[in-house]
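# Descriptive structure summary
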Amino acid sequence: LFVAAHAAGVRVFSVVDPAAPVEIGRLETGLVDAFDVDARGDTLFVADGAGGLKLVSVADPAQPVLLDGETLETAVGTAEEVSAAADGRVYVAGG
């Protein structure tokens, strides 16, 4: 389970026991204000507020790695929602 934790970055939880989730990984460095996440395969797409769109490798969920990003400087507002479609497109909603 991937959780957008705003200024605290992205948290990764194991939900093997849904009644007792356990944090197994986190990424704070390189993120500004994680609003939303969506995963496709081993890639996590992060709507990172004023930081824009960030791509994170979660191939090893215990050690997520920031891959790349787009600041979305030409867009109005901040990246607040993200949806990664099966066709490879990524949609970002600004606020």
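Note: the structure precedes this text.
So, on to the overall build of the chain. The number of helices and strands found in the chain is zero helices and nine strands. Counted from the first residue to the last, the chain has its helices and strands arranged as β-β-β-β-β-β-β-β-β. Over its C-alpha trace the chain gives a radius of gyration of 13 Å, about what one expects of a compact globule, namely 12 Å for 95 residues. Along the first, second and third principal axes, the C-alpha set of the chain runs to 40 × 30 × 25 Å. Taking as baseline every contact in the chain between residues at least 6 positions apart, the subset at least 24 positions apart corresponds to 34%. Element-wise, carbon and sulfur atoms account for 54% of the exposed surface of the chain, whose accessible area totals about 5400 Å².

Moving on: the nonpolar core. Counting residues in each nonpolar core, the largest one holds nine residues, listed as Val10, Leu27, Leu31, Ala34, Val37, Leu44, Val46, Val56 and Val58. Residues contacting Val56, with those up to four places away along its chain left out, are Leu27, Asp42, Thr43, Leu44, Val46, Pro64, Val65, Leu66 and Leu67. Of all hydrophobic cores here, the second largest spans six residues; its members include Ala47, Ala79, Val82 and Ala84.

Thresholds applied
- Residues numbered from 1 in each chain as written.
- Predicted model: local features only at pLDDT ≥ 70, side-chain atom pairs only at ≥ 80, totals over all residues.
- Heavy atoms only, no water.
- Helix = DSSP H or I, 4+ residues; strand = E, 2+ residues; numbered from the N terminus.
- Rg over C-alpha atoms; globule rule 2.2 N^0.38 Å.
- Contact = heavy atoms within 4.5 Å.
- Areas by Shrake-Rupley, 256 points an atom, 1.4 Å probe, with all protein chains shown as cover.
- Core = buried A, V, L, I, M, F, W, Y, C linked by side-chain atoms within 4.5 Å.
- Buried < 20%, exposed > 50% of the residue type's maximum accessible area, 1.4 Å probe, protein only.

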